[in-house]
Structures are given as structure tokens and as C-alpha cells.
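# Breakdown of the fold
Read off the chains here:
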Amino acid sequence: MTNTPKTIALDGPAASGKSTVGSRVADALNYLFFDTGVMYRAVTWTALQHGLDLLDEAAVAKLTEETPIDVRPASQDDGRACDVLVENEDITWQTRRPEVDANVSTVAAYAGVRAALSQQQRRIGLRGSVVMVGRDIGTVVLPEAELKIYLDASAEERARRRYDEIIARGELADYAEILEKVIQRDHIDSTRDVAPLRPAEDAIILDSDHLDANQVFEKIMALCK
Ligand code: DC
């Protein structure tokens, strides 16, 4: 597949299915799958652990610059897409905790945090053979990516998918509450001053409201050819 794009940027709002489809595409192409959201989550978890005031932008940015975050291929078959390590401690599942969900958009809006993390992401992306997933990959991190996809879906559909996932794990979920959080995060992510969530001008927009995960995968693979 000599014409296969070497760098694939996959952006879109929370719960649009980017990570699921991105990791499948990466597997199929034998590329690195890199979900950049885990880095913002790792910083948020570490700041909470250090008892930082998350509204103190300077303190959170300083912590980001001083904290080495390592994202590696999954070492365990427990549903994780990758390992997330901070100072050699595996914090993969801590980054999915509700307190991280509730605070990560605030942390991701800070310019100093974004500058530090985008730089690390760009370095990895420039090596090529990568599917990089996030909010600003096509616009800021890798504007030269050979294929840019913006995976969209309505807030209602994304909330329904999150709800189904939680129920499938045997846990309790409240659809209205999930929908409210999805809308809230969309608002913060798309109205922030630095690198707001939006499709790059040359991105291909895929609306997945009426597509299942297999169909989205097939469409992206077709775009890679
Ligand atoms: O995709 P996710 O839910 O793991 O992302 C967590 C947060 O990080 C979310 O608020 C958006 C933000 N994020 C970002 O601003 N830029 C990225 N490239 C990836 C994630």
C-alpha cells in the first residue's frame, strides 16, 4: 500500500468513536495508535493527586512541563488501548475516573498545558506510520497530516453510546446526566481560545449518526487507499 497516507489525523468531539475506530485502523495498517486525549487526562489525574487547584493555570502548566508522561502499547489485555505511565506508575485506569472526566476540559483549555503536550505529540507524529486521535491534530499538532478525518455525531447519539457502554459493563447510568455532560464538554472544547475543537479546512467530515463502528472503519480504510 505505497500510497497509504503516512500520518492520519482523526479529530472529533467526545464519544464520537474516534478511539475505537482509530485503533482498528492503526492495527489494520500496522501503524502506531496514539490517543492524545490520554495525555490531558494524565496531567489532570496527576494535578488532582498533587492536590493542585485546577483553576490555577500557572501551577497546572508548570506541573505539565515537569511531568514526564509515557504512552506505550498496551501491556495487558484488560480492555486498554495503551498504557499510560507517569513517573513509571501505570495510571491507565485512573485516567478514566469520573473526577478526571469532570476536570479534563478545564485543564485542556490552558495554553501552557497545550504547548507542552502538543510539542511531544508532534514529535511522535512526525515519525510517521501513525494514527493520531484528538481534537486539534489536523489543525495544530500535525497540520501536514496526509489524511485528516473529522468524526462527528450528534450529542444525543454520542450520549446514547456512552450510556450503552456503561450499562454493558453492568453499571448504573443516567442518560439525561450523560447527555448534559457531553454537551458541557463540547461547549468547553469548542469555545476555548487555544486550539478549539473544529475540523481542519481540508478534513473529510464523517457523520457517524447512521453508521455503525464497522461502517466507519470501512469508510476510513477506503480513504486510505
Ligand atoms: O478524547 P478524550 O475524552 O480522552 O479527551 C479528554 C480531554 O482532552 C477533552 O476535554 C478534550 C481534550 N483534548 C484536547 O483538547 N486535545 C486533544 N488533542 C485531545 C484531547
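Each remark here, short or long, concerns the structure printed above.
No experiment lies behind these values; they were computed from the predicted model shown.

## Let's talk about empty space enclosed by the protein
Evaluation of the coordinates by the stated rule reveals 1 cavity of 30 Å³ or more. Put simply, the largest cavity is a space of about 30 Å³. Contributing elements (two or more residues each) for the lining of the largest cavity: strand S1 (7–11) and strand S7 (147–152). Here the element with the most residues in the lining of the largest cavity is S7; it accounts for 3 residues. In the lining of the largest cavity, the residues fall into 6 nonpolar, 1 polar and 3 charged.

## Some points on the packing of aromatic side chains
Tallied over the full model, the rule gives 1 aromatic pair. Note on Tyr 163 and Tyr 175: the rings are 6.3 Å apart at their centroids and 80 degrees apart in plane angle, and the pair reads as edge-to-face. With a gap of 12 residues between them, Tyr 163 in helix H7 (residues 155–168) and Tyr 175 in helix H8 (residues 175–191) connect regions that are remote in the sequence. On the basis of relative accessible area, Tyr 163 is assigned to the partly exposed category, the value being 27%.

Each value, and the rule that gives it
Just so you know, the residues in each chain are numbered from 1, in the order the chain's sequence is written. Reporting in this predicted model follows two pLDDT cut-offs: at least 70 for local features of residues, and 80 or more for side-chain atom pairs to be given and counted; totals over whole chains, interfaces and linings ignore these cut-offs and use all residues. Hydrogens and water molecules were not included; the side-chain quantities draw on all heavy atoms of the structure. Here a cavity means grid points, on a 1 Å grid over the protein atoms only, where a 1.4 Å probe fits yet cannot get out; a pocket means an open set of points with protein on both sides within 12 Å along at least five of seven lines; lining residues are those with an atom within 4 Å of a point. Grid points are joined across faces, edges and corners, and a volume is the space filled by probe spheres set on the points. Note on conventions: DSSP H or I runs of at least 4 residues are helices, E runs of at least 2 residues are strands, and numbering of each starts at the N terminus. For this scheme, ten residues count as nonpolar: Ala, Val, Leu, Ile, Met, Phe, Trp, Tyr, Cys and Pro. Four count as charged, namely Asp, Glu, Lys and Arg, and the remainder, Gly too, count as polar. Any pair of Phe, Tyr and Trp rings, taking the six-membered ring for Trp, is counted once the centres come within 6.5 Å. Such a pair is stacked with planes under 30 degrees apart, edge-to-face with planes over 60 apart, and tilted for the rest. Throughout this description, buried means an accessible area under 20% of the type-specific maximum (1.4 Å probe, protein chains only), exposed means over 50%, and partly exposed covers the range between.

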